[in-house]
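Letter by letter, the chains look like this.
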Amino acid sequence: MAETILELKNIVVRHGETIALRVPSLGVAQGEVLAVIGPNGAGKSTLLRVMGLLERPAEGEVYFRGRAVADADTLALRRRMASVFQEPLLLAATVYDNATLGLRLRGFDRRAIERRVAPWLERLGITHLVKRPARSLSGGEAQRTSLARALALDPELLLLDEPFSALDPPTRDGLILDLEKILRDTGITTVFVTHDRDEAGMLGERIAVLIGGGLLQVGAAAEVFAQPVDESVAGFVGVETRLPGVVESVGEGLAQIALDGRAIEVVGDFQIGERVIVCLRPEDVTLGSPHGDGVKSSARNRLAARVAKINPWGFHYRVALDCGGARLVALVTRPSFVDLGLREGEEVMASFKATAVHVIRRK
């Protein structure tokens, strides 16, 4: 089992009378990439400052490699970490001077600096920029310089605070792919903060969801996105269909749930009469002919629906459906959209598997 590099226990941060952050327990294991996601104002940057020993919590303890961090330890421990922020924070100097700044501040000699920084300049694709003034760089080039400066320090813990949020989509996507490969190849322990769930899904092995200053769920990326613990988490991770229902019958590992005059089957162990929230990701809903002809499907749930609204959604179409009171959302690929000839107001058949449904028990 991997060693825990950093651990938070019973953390509370107050800003005046307001509790800005409450984290009962959160650990980061050696070599993992933990993505912390949440909306703006959720407390993500506060969490990263606590992890980086830049902010002392009002309550609780921070542990580094199993030892509680005392005030006298903070400076030495910060030197074992590196941070990259939304703004690259570059000096009015050359790219090389900025990339080597951390090493120079830590007293490395010229040869050691060159040996440590050169591979990162090359890997991040900015070797040809070393003599350029940092202030003349594009946003992506500046952030690559900031990453080179952090990685050259060979940190035990890398902290990334929304480093891609100011970049245009093509630049962001290219940098994320490069960083994902770097982290996979090097095994650098990383905490990555973002409000973008797609970024989190690309980089994070585990996901921590922070909403309203509270840590609501921590788990493997696939688990968090498919099995949110409550409605607020479900909404943030992209589960657009969330419908209240009541369990009508159970048997053989399946339950039938009534949804505003309709019934669907789900997998799970429930009690008759139990009140639940049915959650369904839009990519798990398949649309077809209202007459049921076409491609055969193993989906147990088939609901007649009317197309209420169509919106372009990147390389897909987001289709809102009215199923006679129950509202579903489907994500349809461009080829399927064309083949189906979807139009607002038309009738379709919406289908989804019993295993695709996630059920949250209502408190």
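Residues numbered from 1 in each chain as written. Predicted model: local features only at pLDDT ≥ 70, side-chain atom pairs only at ≥ 80, totals over all residues. Heavy atoms only, no water.

Draft legend 1. Representation of the pattern of salt bridges in the model. Per the counting criterion, the structure on display carries 22 salt bridges. The salt bridge partner of arginine 172 is glutamate 199, with a shortest N-O separation of 3.8 Å. With arginine 172 in helix H7 (residues 169-186) and glutamate 199 in helix H8 (residues 197-203), this residue pair connects regions lying 27 residues apart in the sequence. Assessed through its relative accessible area of 22%, arginine 172 is described here as partly exposed. Taking the relative accessible area as the measure of exposure, glutamate 199 reaches 5% and is therefore buried. (Salt bridge = Lys/Arg side-chain N within 4 Å of Asp/Glu carboxyl O. Helix = DSSP H or I, 4+ residues; strand = E, 2+ residues; numbered from the N terminus. Buried < 20%, exposed > 50% of the residue type's maximum accessible area, 1.4 Å probe, protein only.)

Draft legend 2. The pairing of strand E10 (residues 214-220), seen in detail. As defined by bridge partners, strand E9 (residues 206-211) adjoins E10 across six bridges and the pair is classed as antiparallel. Across the sheet, the residue bridging to valine 209 is glutamine 217, located in E10. The turn linking E9 back onto E10 is made up of two residues, and glycine 212 within it adopts a positive phi angle of 60 degrees. (Pairing = 2+ DSSP bridges.)

Draft legend 3. A look at helix H1 (residues 44-51). In terms of burial, H1 is largely enclosed, as six of its eight residues are buried. Every buried residue of H1 is accounted for by Lys44, Thr46, Leu47, Leu48, Val50 and Met51.

Draft legend 4. Just the nonpolar core, in detail. Core analysis: the biggest nonpolar cluster contains 52 residues, and Leu158, Phe164 and Ile207 have the highest contact counts within it. Among all residues touching leucine 158, those that are not within four sequence positions of it are Ala82, Ala150, Leu151, Leu183, Ile188, Thr189, Thr190 and Val191. With 32 residues, the next largest nonpolar core counts Ile264, Leu287, Leu321 and Val332 among its residues. (Core = buried A, V, L, I, M, F, W, Y, C linked by side-chain atoms within 4.5 Å. Contact = heavy atoms within 4.5 Å.)

Draft legend 5. Just the packing of helix H6 (residues 139-151) against H7, in detail. Axis separation between H6 and H7 bottoms out at 10 Å; the angle between their running directions is 15 degrees. As the angle between them shows, H6 and H7 are arranged roughly parallel. Handedness of the H6/H7 crossing: right-handed. On the side of H6, the interface is formed by Gly140, Gln143, Arg144, Leu147 and Leu151, while H7 contributes Thr171, Gly174, Leu175, Asp178, Leu179 and Ile182. (Axes fitted to C-alpha atoms, helices over the stretch in contact; angles between N-to-C directions. Parallel < 35°, antiparallel > 145°, perpendicular 65-115°, else oblique. Left-handed = near helix turned anticlockwise from the far one by under 90°.)

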